Amino acid sequence: MEHDLPTFLGLSEDGDAAPDVVILPLPYELTTSYGQGTAEGPIACLEASAQVEVYETLLGEDLPAGLTFRTEAPWSSDAGSLLEQLDDMEAFLRPWCVGDVFPLALGGEHGILPPLLAALRDHPAIEGDLGRLTVVQIDAHADLRSQLDDEPYSHASAAARALDLGVGCLIQVGVRAHSFEEQQRINEDARITTWFARDVMAPYGGEANWDSLIQMLNSVEGPVHLTFDIDGLDGTLVPATGTPVPGGLTFWHAVQVIETLFSAPKATVISADVNEIARQEDSPLTQFTAAMLATKIVGAHVAARRAGQWKKAASGRAGVRVPMFRRTFTNGPSN
Ligand SMILES: [Mn+2]
């Protein structure tokens, strides 16, 4: 560690050791939006993580369970335009997205998703074709708007931009606040499967539908990115997030999604993010909930690694070269 910032779980870190898991704080907030505090979220989450119990029931031992964790200094950019900032973020993330380390990004607005996916194109399991990738999105919102307030890179458009980048399959869980335009996109784009909160939570036949969702996640094949917008949880658990919404997932629903996905026999979760974290002032609940999710994700990754799931993902090509700087966003996402 070469910074004075809090480390993940409050663990002491050896900056010289090659990490197995890297935590990447992305304090990103669109300058045109209301200051909702998501720029401070990652640090608040790291601070709160010091209070999370490191004992992981999946492993029967304490994290880091013999592995090396590293908390990177937060991403920052002084680029003048939004698109240049997104290019900077992709460049920051790319070295951690080549299969030898498990990257967990902490956001920041959901607008971090497109640069994350752009960076994943160099992963040996992707080999330049995001059509191989399944994105699992836990979210109260569909994030499928073509734009919001004339901004195509708004957090409300994160999933739409992910599809523009060529993602092969998008599974949404917990959606309960979406627009007509987004419903049309869900109906028309065969790559999208949306599990609405209303359908998977009681009382609308929720339990049977929830079981179907879990079965679907268990049968996912190939590389997966998990993007967890904390507003997918019920708003009572994350009151400080930008747009808390009632009627969402319980903590245990979220844990089951995470554990199912990481242990899915034909899939490998190659990366993850927890986003829309904001610092709650009157109570640490929002940042602590986010830290609990981040810890569960890392614990489930370590368990998957032990089960041989991770090796499979990383074994595509040996010694992947990180390509020269490219300008995915300033050149347009189809480039
Ligand atoms: Mn979102």
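Residues numbered from 1 in each chain as written. Predicted model: local features only at pLDDT ≥ 70, side-chain atom pairs only at ≥ 80, totals over all residues.

K.L.:
For this particular structure, what's the right way to read the overall build of the protein?
P.N.:
Within the protein, the regular secondary structure consists of 10 helices and 10 strands. Over its C-alpha atoms, taken along the principal directions, the protein stretches across nearly 50 × 45 × 45 Å. Per-residue burial over the protein gives 54% buried out of 335 residues. Considering only contacts within the protein whose residues lie at least 6 apart along the sequence, 76% involve residues at least 24 apart. (Helix = DSSP H or I, 4+ residues; strand = E, 2+ residues; numbered from the N terminus. Buried ≥ 20, exposed ≤ 12 C-beta atoms within 10 Å, placed from the backbone. Contact = placed C-beta atoms within 7 Å.)

K.L.:
Explain the pairing of strand 8 (residues 192-196) to me, please; I cannot follow it from the model alone.
P.N.:
Look at any regular strand and the pattern is simple: side chains alternate between the two faces of the sheet. As defined by bridge partners, strand 7 (residues 169-175) adjoins strand 8 across five bridges and the pair is classed as parallel. Each bridged residue has a counterpart across the sheet, and for Leu170 the counterpart in strand 8 is Ile192. The handedness of the strand 7 to strand 8 crossover, carried by helix 5 (residues 180-188), is right-handed. (Pairing = 2+ DSSP bridges. Right-handed = clockwise from strand over helix to strand, strands pointing away.)

K.L.:
Just to check I follow, could you spell out helix 3 (residues 113-120) for this structure?
P.N.:
For an α-helix, the turn length of 3.6 residues means that residues three or four places apart are oriented alike. Counting buried positions along helix 3 yields eight of eight residues, so the element is predominantly enclosed. The elements touched by buried residues of helix 3 are helix 2 (82-93), strand 5 (102-107), helix 4 (158-164), strand 9 (222-229) and strand 10 (267-275).

K.L.:
What is the right way to read the sheet that holds strand 6 (residues 134-138) from this model?
P.N.:
Pairing between sheet strands relies on hydrogen bonds along the backbone, with the strands arranged either parallel or antiparallel. The eight strands lie next to each other as 4-1-5-10-9-6-7-8, forming an open sheet whose pairing is parallel. Looking at the sheet topology across the chains shown, the edges are occupied by strand 4 (69-71) and strand 8. With strand direction ignored, the average angle separating the axes of adjacent strands in the sheet is 15°. (Axes fitted to C-alpha atoms, helices over the stretch in contact; angles between N-to-C directions.)

K.L.:
Is there a simple way to explain the environment of Leu58 in this structure?
P.N.:
Among the secondary structure elements, Leu58 is positioned in the loop between strand 2 (55-56) and strand 3 (61-62). For Leu58, a count of 18 C-beta atoms within 10 Å gives the class partly exposed. In this structure Leu58 touches Glu259, Gly299, Ala300 and Ala303, once residues within four positions along its chain are discounted.

K.L.:
It is not clear to me how helix 2 should be interpreted in this structure. Could you clarify?
P.N.:
Between its first and last C-alpha atoms helix 2 spans 17 Å; for 12 residues at 1.5 Å apiece the expected length is 16 Å, and the two agree. All buried positions along helix 2 are accounted for by Gln85, Leu86, Asp87, Met89, Glu90, Ala91, Phe92 and Leu93. Looking at the buried positions of helix 2, the neighbouring elements they touch are strand 1 (21-26) and helix 3. (Expected span 1.5 Å × (residues − 1).)

K.L.:
It is not clear to me how the packing of helix 7 (residues 206-218) against helix 8 (residues 251-263) should be interpreted in this structure. Could you clarify?
P.N.:
Angle between the axes and distance between the axes: these two values describe a pair of packed helices. Between helix 7 and helix 8, the shortest axis-to-axis distance is 8 Å and the interhelical angle comes to 30°. In terms of orientation, helix 7 lies roughly parallel with respect to helix 8. Along the contact surface, helix 7 presents Ile214, Leu217 and Asn218, while helix 8 presents Gln256, Val257, Thr260 and Leu261. Per-class residue counts for the contact of helix 7 with helix 8 are four nonpolar, three polar and no charged. (Parallel < 35°, antiparallel > 145°, perpendicular 65-115°, else oblique. Nonpolar A, V, L, I, M, F, W, Y, C, P; charged D, E, K, R; others polar.)

K.L.:
Before we go on, may I ask you to explain the environment of Ala119 in this structure?
P.N.:
Note on placement: Ala119 falls in helix 3. Considered as a pair, Ala119 and Leu67 are 52 residues apart in the sequence and their alpha carbons are 24 Å apart.

K.L.:
How do you make sense of the environment of Gly41 when you look at a structure like this?
P.N.:
Within the secondary structure, Gly41 sits in helix 1 (residues 41-49). Gly41 sits in the buried class, given 33 other C-beta atoms within 10 Å. With 235 residues separating them along the chain, Gly41 and Glu276 place their C-alpha atoms 7.3 Å apart.

K.L.:
Can you walk me through the pairing of strand 9 in this structure?
P.N.:
Most of strand 9 is tucked away: seven of the eight residues are buried. Pairing analysis gives five bridges linking strand 6 to strand 9, with the strands arranged parallel. Within strand 9, the residue paired with Thr134 across the bridge is Val224. The pairing of strand 9 with strand 10 spans eight bridges and is classified as parallel. Along strand 10, the bridge assignment pairs Thr227 with Asp273. Considered for its hand, the β-α-β crossover made up of strand 9, helix 8 and strand 10 is right-handed.

K.L.:
Please clarify how the nonpolar core should be interpreted in this entry.
P.N.:
Soluble, globular proteins show a tendency: their nonpolar side chains are buried together. Counting residues in hydrophobic clusters, the biggest one holds 103 residues, and the most contacted among them are Leu104, Ala162, Leu261 and Ala294. Tallying contributions element by element places helix 9 (residues 285-306) first for this core, with 12 residues. (Core = buried A, V, L, I, M, F, W, Y, C linked by C-beta atoms within 7 Å.)

K.L.:
Can you help me understand unusual backbone geometry in this one?
P.N.:
The residue after Leu63, namely Pro64, is reached through a cis peptide bond having omega 15°. You can see Pro64 is positioned in the loop between strand 3 and strand 4. Positive phi, normally seen in glycine, also occurs at Asp143, with a value near 55°. Position of Asp143 among the secondary structure elements: in the loop between strand 6 and helix 4. Positive phi outside glycine occurs at Glu276, with the angle close to 60°. Along the chain, Glu276 falls in the loop between strand 10 and helix 9.

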